[in-house]
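Listed here are the chains, written in short residue letters.
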Amino acid sequence: MACPNGKVWCKGPGGFGNICQDCQKMGVKPPAVGLPKPPLPLVKGASPTLPTPAVRVKPVVALPTPSVPIATETVGTGRSVVLYRGDSREPGVIKQVGFERWGESIANVSKVGGLANYIAGKCKELKNGKTFADFVRVSKNQGRPTISTSLNQGCGGYDSGPIYKIEVGGLQEYELNEKIMPPSFHGMTWSSDGLKVYMNGNSLSTSHTVVIDLRLGTEEWAFFTNVGSQRITEYKAGKAAFLSMSTVTPVVKKLW
């Protein structure tokens, strides 16, 4: 309906939106558009109902499961061995670095997938314990991962430098056979000839200390792992008495 007052912009008394005052007086009120509904009146004595706040639940993140560590030396269990090694280096250097395998030998071990594979591979190649012992006892070989020691503190007459005492505990005795070798070597042709392995795990793969009694007249034992300085407890020069390594000051090896 058009505005009876002739106002073009007015929607008239039956319209909505902009309406002139005359049309408003005719009793027509524009409808409320888009306005919020008024809240309902509260009942006397009732508490207003508030909206429940949203609770943000923190996601549960699973912690990583630690891997099973390799077997470690247990003090007070297993067998302890006392061995000796002659070395021309002064006590201060040995106190710093201990006895370490040659870098070339470590590379050879890495090439075959670790020490367990290296020892088992040599057993498979050499067929028996006597040949294996001969392989270990030959003169210095930088490609072989062994550190020669002896049950005899005379070290076979060694007189070119100090003699060091090595004490290792927590070792278990095993025959050098397939039971302690990787499964891939089971069924090979091999006779241990009584060779004994002393290690701090139940297999070559799980041990970080491995020493083998070569059953030689020289009473030679061979470490196939490094000998840390904490296991080197005493030293002596010539016919002097053994002295404690605890009194020795470590000497850093100069590279230039």
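Residues numbered from 1 in each chain as written. Predicted model: local features only at pLDDT ≥ 70, side-chain atom pairs only at ≥ 80, totals over all residues. Heavy atoms only, no water.

Participant: Explain the overall build of the protein to me, using residue names and the numbers behind them.
Facilitator: A count of helices and strands for the protein gives five helices and eight strands. Taken from N to C terminus, the helices and strands of the protein fall in the order α-β-α-α-α-α-β-β-β-β-β-β-β. Across the 256 residues in the protein, those meeting the buried criterion constitute 35%. Nonlocal contacts in the protein, meaning residues at least 24 apart in sequence, comprise 64% of its contacts between residues at least 6 apart. Accessible surface for the protein amounts to roughly 16,700 Å². Of this, 56% is attributable to carbon and sulfur atoms. (Helix = DSSP H or I, 4+ residues; strand = E, 2+ residues; numbered from the N terminus. Buried < 20%, exposed > 50% of the residue type's maximum accessible area, 1.4 Å probe, protein only. Contact = heavy atoms within 4.5 Å. Areas by Shrake-Rupley, 256 points an atom, 1.4 Å probe, with all protein chains shown as cover.)

Participant: Any chance you could break down the side chain of threonine 209 for me, citing the residues and the numbers?
Facilitator: Here threonine 209 shows up in the loop between strand 4 (196-199) and strand 5 (210-213). There is a polar contact of 3.1 Å between the side chain of threonine 209 and the side chain of arginine 231. What threonine 209 contacts, discounting residues up to four positions off in sequence, is Val168, Leu171, Tyr198, Met199, Asn200, Phe223, Thr225 and Arg231. (Polar contact = N/O pair within 3.5 Å; in protein donor to acceptor, adjacent residues only side chain to side chain.)

Participant: Could you give an account of the layout of surface pockets, with specific residues and numbers?
Facilitator: The computed volume of the largest pocket comes to approximately 930 Å³. Contributing to the lining of the largest pocket are 32 residues, with Arg85, Gly86, Asp87, Lys140 and Ser148 lying nearest its centre. Among the secondary structure elements, those contributing two or more residues to the lining of the largest pocket are strand 1 (79-86), helix 2 (91-97), helix 5 (129-137) and strand 2 (147-150). Considering each element in turn, the lining of the largest pocket owes the most residues, four residues, to strand 2. Residue classes in the lining of the largest pocket are distributed as 10 nonpolar, 12 polar and 10 charged. (1 Å grid on protein atoms, 1.4 Å probe; cavity = no way out; pocket = protein on both sides within 12 Å on 5 of 7 lines; lining within 4 Å. Points joined across faces, edges and corners; volume = space filled by probe spheres on them. Nonpolar A, V, L, I, M, F, W, Y, C, P; charged D, E, K, R; others polar.)

Participant: Residues and numbers for helix 5, please.
Facilitator: For helix 5, the full list of buried residues reads Gly129, Phe132, Ala133, Phe135 and Val136. The buried residues of helix 5 all sit within an arc of 155° when viewed along its axis, so they share a single face. Close packing links the buried residues of helix 5 with helix 4 (115-126), strand 5 and strand 6 (220-223). (Arc of directions from axis to C-beta.)

Participant: Could you give me a rundown of the side chain of asparagine 200, with the residues and numbers involved?
Facilitator: Inspection of the secondary structure puts asparagine 200 in the loop between strand 4 and strand 5. Look at asparagine 200 and you get buried, because its relative accessible area is 6%. Here the side chain of asparagine 200 touches histidine 208 through a polar contact of 3.0 Å, side chain to side chain.

Participant: Talk me through unusual backbone geometry; I want residue IDs and the actual numbers.
Facilitator: Positive phi outside glycine occurs at lysine 127, with the angle close to 75°. Within the element layout of this structure, lysine 127 appears in the loop between helix 4 and helix 5. Unusually for a residue other than glycine, aspartate 193 sits at a positive phi of about 55°. In this structure, aspartate 193 sits in the loop between strand 3 (163-175) and strand 4.

Participant: Give a description of the pattern of salt bridges that names residues and reports values.
Facilitator: Tallied over the full model, the rule gives five salt bridges. With a shortest N-O distance of 3.6 Å, glutamate 173 and arginine 79 are connected by a salt bridge. Of this pair, glutamate 173 sits in strand 3 while arginine 79 sits in strand 1, and the two are 94 residues apart along the sequence. When its relative accessible area of 43% is taken as the criterion, glutamate 173 is described as partly exposed. Overall, the relative accessible area of 38% leaves arginine 79 in the partly exposed class. Residues arginine 89 and aspartate 87 are paired through a salt bridge, measuring 3.0 Å at the closest nitrogen-oxygen approach. According to the relative accessible area criterion, arginine 89 is partly exposed, its value standing at 33%. Looking at aspartate 87, the relative accessible area reads 8%, which means it is buried. Where salt bridges share partners, they join Arg85, Asp87 and Arg89 into one cluster. (Salt bridge = Lys/Arg side-chain N within 4 Å of Asp/Glu carboxyl O.)

Participant: Just give me the short version of the nonpolar core, but keep the residues and values in it.
Facilitator: Among the nonpolar cores identified, the biggest contains 27 residues, and Ile119, Phe132, Leu176, Leu204 and Phe224 are the most heavily contacted of them. Only helix 4, helix 5, strand 4 and strand 5 provide two or more residues apiece to this core. In this structure leucine 204 touches Ala116, Ile119, Ile180, Met181, Val197, Met199 and Val210, once residues within four positions along its chain are discounted. Counting residues in hydrophobic clusters, the runner-up holds 18 residues, among them Phe99, Ile147, Met245 and Val248. (Core = buried A, V, L, I, M, F, W, Y, C linked by side-chain atoms within 4.5 Å.)

Participant: Help me get a handle on the confidence of the model for the protein, residues and values and all.
Facilitator: Per-residue pLDDT for the protein averages 84, and the proportion of residues at 70 or more is 78%. Under a pLDDT of 50 for its full length, residues 63-76 has, in the predicted model, 15 contacts with residues more than four places off or in other chains. (pLDDT = per-residue confidence, 0-100.)

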